[in-house]
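Okay, here's what each chain looks like letter by letter:
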Amino acid sequence: MVPFRSTAAPRARAVALALLALPFLATLASAHEGHDHGAPPPPVSKTIAPRGEAASAAFELVAIPGGDALVLYLDRFATGEPITDALLEVETPAGPATAHPAPDGSYRLPAPWLATRDPKDDHLDLVVTVTASGDLDVLPLTVALPRAADPARSGHAAERQDGHWLHRLTEGLSERLSARDPGAGLAAAGGFVLGLAAMGLMRAGRRAPVLAVLVLAATLVLGATAFAHDAQRGSVDHPEVRAAFVPKPTDLAADLAQRLADGAVFVPKPTQRLLSLRTQVVAEGAFRRTVSLPGRIIPDPNASGVVQSSVGGRLAPPPSGTFPRLGTRVRPGEALALVTPPVQRVDLSDMRQRQGELDQQIAIVQRRVDRYQKLSPSGAVSQVQLDEAQDELKGLKDRRTALDRLRQEPEVLTAPVGGVIAEAAAVAGQMAAPGQMVFQIVDPDRLWVEGLSFDALMPASDATARLADGRSLPLAYQGAGLADRNQAIPVQFAIQGGTEGLRVGQFVTVLAATDAEQRGLALPRASVVRSANGQDVVYAHIAAERYEAKPVRVAPLDGARVLVEAGVEPGTRVVVQGAELLDQVR
Amino acid sequence: MLQRLLTAGTLAIALPFCAHQACAHEGTGEKGGRLADAGPYHIELVTRDRRVEVWVYDAQEKPVSPAGFKGTAILVVGGKPARIVLAPAEARLAGEAAVALGTNPKGVVQITGPDGAAASGKFN
């Protein structure tokens with residue numbers, strides 16, 4: 001009795017401990033985390049052919065084995081733009097080879113070694129050297145291969161078959177534990193309790209119950225082995241086994257854009273090119289909210305002018321013979337028209353009378369001057385008298401000439417500034433009222449925009465004007481009025497840069513920044529789509545052929561962009577073109 | 001007795017938590033080169049002037065004999081790819097480049113094991 005107790009008790013304790021620790025020890029063996037030492041994860045859908053992908057900061061590469069060739073698709077990593085003129089050198093099992101561009105934008109690498117490979121190989125390791133427009137990158141590429149034979153068993157399971165039974169049991173248990181299966185935990189707890197029971201019974205010196213407990217323990221262990229086997233064979237939730245049911249290896253047409261079970265959207269490269277999906281790497285920044293104001297184009301007040309007649313009169317063409325037409329370029333000071341003021345009948349008789357008087361006086365003074373000239377050499381008339389008479393005659397003649405000139409000389413209308421005739425109201429013979437605008441001159445290179453704003457805008461804020469045809473013009477703030485007009489403040493901006501095709505009075509939409517600053521990611525308006533449940537989502541490009549819908553909170557930013565305030569991390573590749581089409585994939 | 005049993009039980013439960021200490025392999029390896037994963041192996045790349053040396057380790061960081069291995073290194077030197085064939089030499093795979101490799105050239109090393117399976121590691 002005593003020897004049994006002294007030796008068997010520690011042994012039983014050891015067995016109990018070992019039973020308890022076994023499931024955990026299995027995790028020790030495979031504790032090397034951080035990367036995958038096996039084949040790449042096979043596709044999770046039946047209608048996706050096996051493939052491989054690689055990416056660097058510049059490129060994104062997808063390879064699809066098809067028959068005796070490997071089809072490669074190369075895109076820019078950041079934008080998703082296809083690259084069709086790159087040089088692809090591939091390190092294959094048969095030495096280095098070059099992939100040739102195909103008309104559809106892909107690259108084709110003849111791969112006779114695909115047919116002669118070991119049927120057990122489920123992946124292929126290649127090294128691709130990509131040279132495209134000055135960028136060079138070396139990409140390691142692991143391509144999953146369709147299983148040629150023995151499709152029922154995956155490599156992992158086959159390896160597990162010939163392991164030791166204890167190893168298999170522990171692995172099965174550890175898998176159950178990692179799968180949060182309550183059965184495995186119960187088994188461990190049961191073992192512990194049984195060990196304790198065996199200990200207690202042995203200490204009490206009863207042999208038969210100890211044996212009963214040991215038999216119970218053995219049953220439990222065998223049962224656990226049985227369900228470990230079960231886990232291997234049934235395996236509804238083991239992706240590596242499920243991946244064995246992939247379709248025919250050469251069937252490239254099997255690739256369909258589809259929504260996967262995890263919510264991501266799988267879009268094969270050819271479809272991506274068809275939908276012309278483009279992405280943008282988003283960066284966080286501070287943006288000013290903009291308001292849009294109705295506005296119209298006005299001439300720059302310092303580079304435009306009007307030509308008005310100061311007196312009423314009859315319009316006549318300038319000395320050049322014709323009135324300037326609309327659109328004629330004029331220089332400052334150039335004569336544009338003549339205005340002949342009409343003479344009233346009463347004025348006319350008055351003038352005639354005055355004219356007669358002057359003529360009479362001139363005749364008298366003329367005679368006096370003649371007489372003085374004869375007498376002055378003899379000294380009978382002083383030189384002073386002669387000079388006075390001559391001056392008087394000159395003055396009278398001047399007055400007579402001025403009277404004539406006043407009757408016939410018209411007012412010349414000249415251009416106050418250089419520019420182009422924007423408006424012309426001159427017709428020969430027309431009577432112009434005093435102050436009437438005859439011509440408007442505008443410098444087409446110097447135009448302003450006047451908008452009506454309900455908010456006070458910051459003087460330094462930048463603004464743009466959008467035209468009906470989609471063009472936008474940068475604007476520089478010039479000033480704002482203080483007096484309300486139509487319950488809004490007139491704000492004036494100068495148009496920076498080219499003003500071709502603009503006309504005065506044209507309506508524009510002014511987008512002016514307010515002083516409220518917001519932080520977030522600015523994205524084109526077209527990148528945000530509304531999902532079926534009414535949420536705003538953007539599509540993130542998470543892998544070469546996978547897109548994930550990310551719900552976002554957006555705020556309006558300006559005409560073309562929205563501000564994403566939450567939902568997307570900076571550095572994410574977000575679809576900015578074709579998001580609407582991507583959203584239709586079911 | 002019961003106390004000792006409880007201590008042992010606690011130990012057995014605590015053990016798996018220590019097991020998750022991952023074998024991190026960033027930075028430089030024991031030969032002073034850069035480390036990368038290549039399929040089931042870890043590889044260390046040492047470039048000295050024109051000489052390229054690659055050491056192969058298994059998942060537990062134990063050296064693997066290079067006998068039976070083949071290798072190719074494609075390294076970017078001055079904007080051009082340099083292809084270097086590696087052959088087993090002593091405890092490593094070694095090769096000679098046509099041009100001098102700068103410090104830490106980026107590129108990819110592909111090794112083919114004795115079983116014919118290729119694996120590649122990327123060095124940035």
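Calculation criteria
- Residues numbered from 1 in each chain as written.
- Chains lettered and ligands numbered in written order.
- Predicted model: local features only at pLDDT ≥ 70, side-chain atom pairs only at ≥ 80, totals over all residues.
- Helix = DSSP H or I, 4+ residues; strand = E, 2+ residues; numbered from the N terminus.
- Buried ≥ 20, exposed ≤ 12 C-beta atoms within 10 Å, placed from the backbone.
- Contact = placed C-beta atoms within 7 Å.
- Pairing = 2+ DSSP bridges.
- Axes fitted to C-alpha atoms, helices over the stretch in contact; angles between N-to-C directions.
- Core = buried A, V, L, I, M, F, W, Y, C linked by C-beta atoms within 7 Å.
- Domains from an automatic or database assignment.
- pLDDT = per-residue confidence, 0-100.

(A) Seen up close, the overall build of chain B. In terms of helices and strands, chain B carries one helix and eight strands. Seen in sequence order, chain B has helices and strands lined up from the N terminus as α-β-β-β-β-β-β-β-β. Expressed as a percentage of its 124 residues, the buried residues of chain B come to 31%. Taking the intrachain contacts of chain B between residues at least 6 apart in sequence as the baseline, contacts between residues at least 24 apart amount to 47%.

(B) Molecular detail of the overall build of chain A. In terms of regular secondary structure, chain A is built from 10 helices and 31 strands. Counting all 586 residues of chain A, 29% fall into the buried class.

(C) Main features of the sheet that holds strand E1 (residues 52-55) of chain A. Residues and elements named next belong to chain A. Pairing within the open sheet is antiparallel, and its eight strands lie in the order E1-E2-E3-E6-E5-E4-E7-E8. With partners counted over all chains shown, the strands left at the sheet margins are E1 and strand E8 (135-144), one partner each. The average undirected angle you get between the axes of adjacent strands in this sheet is 25°. Summarising the sheet, strand E3 (residues 69-76) and strand E6 (residues 107-110) pair through four bridges and their orientation is antiparallel.

(D) How the structure looks around the sheet that holds strand E19 (residues 431-432) of chain A. Residue and element names in this part refer to chain A. With antiparallel pairing, four strands are arranged side by side in an open sheet as E17-E16-E14-E19. The sheet is open, and its two borders are formed by strand E17 (411-414) and E19, each paired with just one other strand. Summarising the sheet, strand E16 (residues 335-340) and E17 pair through four bridges and their orientation is antiparallel. Counterpart to Ala337 in the pairing with E17 is Leu413.

(E) Structural context of the environment of Val90(A). Residues and elements named next belong to chain A. Looking at where Val90 falls in the secondary structure, it is placed in strand E4 (residues 87-92). Taking the number of C-beta atoms within 10 Å as the measure of exposure, Val90 has 22 and is therefore buried. Taking C-alpha positions, Val90 is 5.7 Å from Val127, a pair spaced 37 residues apart along the chain. Contacts of Val90, omitting those with residues within four sequence positions, involve Ala97, Ala99, Leu109, Leu126 and Val128.

(F) Summary view of unusual backbone geometry. At Ser276(A), a position not held by glycine, the phi torsion is positive, near 45°. If you trace the backbone, Ser276(A) turns up in the loop between helix H7 (269-275) and strand E11 (278-281). The class for Ser276(A) is exposed, based on 12 C-beta atoms found within 10 Å. Look at Glu90(B): it is not a glycine, yet its phi comes out positive at around 50°.

(G) Quick look at the pairing of strand E21 (residues 447-453) of chain A. Residue and element names in this part refer to chain A. Of all seven residues making up E21, five are buried, and the element is well covered by its neighbours. Taken together, the five bridges between strand E12 (residues 284-299) and E21 define a ladder with antiparallel strand orientation. When the sheet's bridge partners are listed, Gly295 is paired in E21 with Gly451.

(H) Spatial organisation of the nonpolar core. Ranked by internal contacts, the top residues of the largest apolar core, which has 82 residues, are Leu61(A), Leu72(A), Val128(A), Val538(A) and Val54(B). When residues of this core are assigned to domains, at least three fall in each of domain 2 (52-145) and domain 3 (278-300 + 446-583) of chain A. Those residues in contact with Leu61(A), other than ones at most four positions away along the chain, are Glu53(A), Ala54(A), Leu72(A), Leu74(A), Val128(A), Val130(A), Leu139(A) and Leu141(A).

(I) Quick peek at the environment of Leu315(A). Mapped onto the elements, Leu315(A) comes out in strand E14 (residues 313-316). Leu315(A) sits 25 residues away from Thr340(A) along the chain, and the two C-alpha atoms are 6.5 Å apart.

(J) Inspection of the environment of Ala89(B) at higher detail. Looking at the secondary structure, you find Ala89(B) in strand E5 (residues 80-89). The exposed category is assigned to Ala89(B), around which 11 C-beta atoms lie within 10 Å.

(K) Expanded view of the confidence of the model for chain A. All names here are of chain A. Looking at chain A as a whole, its pLDDT mean stands at 79, while 78% of the residues score no less than 70. Taken together, the stretch residues 1-8 has pLDDT below 50 and engages in three contacts with residues farther than four places along the chain or on a different chain. Note that pLDDT drops below 50 for residues 149-163; the model gives that stretch 15 contacts with residues more than four away or on any other chain.

(L) Representation of the confidence of the model for chain B in the model. For chain B, per-residue confidence averages 78 on the pLDDT scale, and residues scoring 70 or more make up 78% of the total. Two summary scores accompany this predicted model of the complex, namely pTM at 0.56 and ipTM at 0.74.

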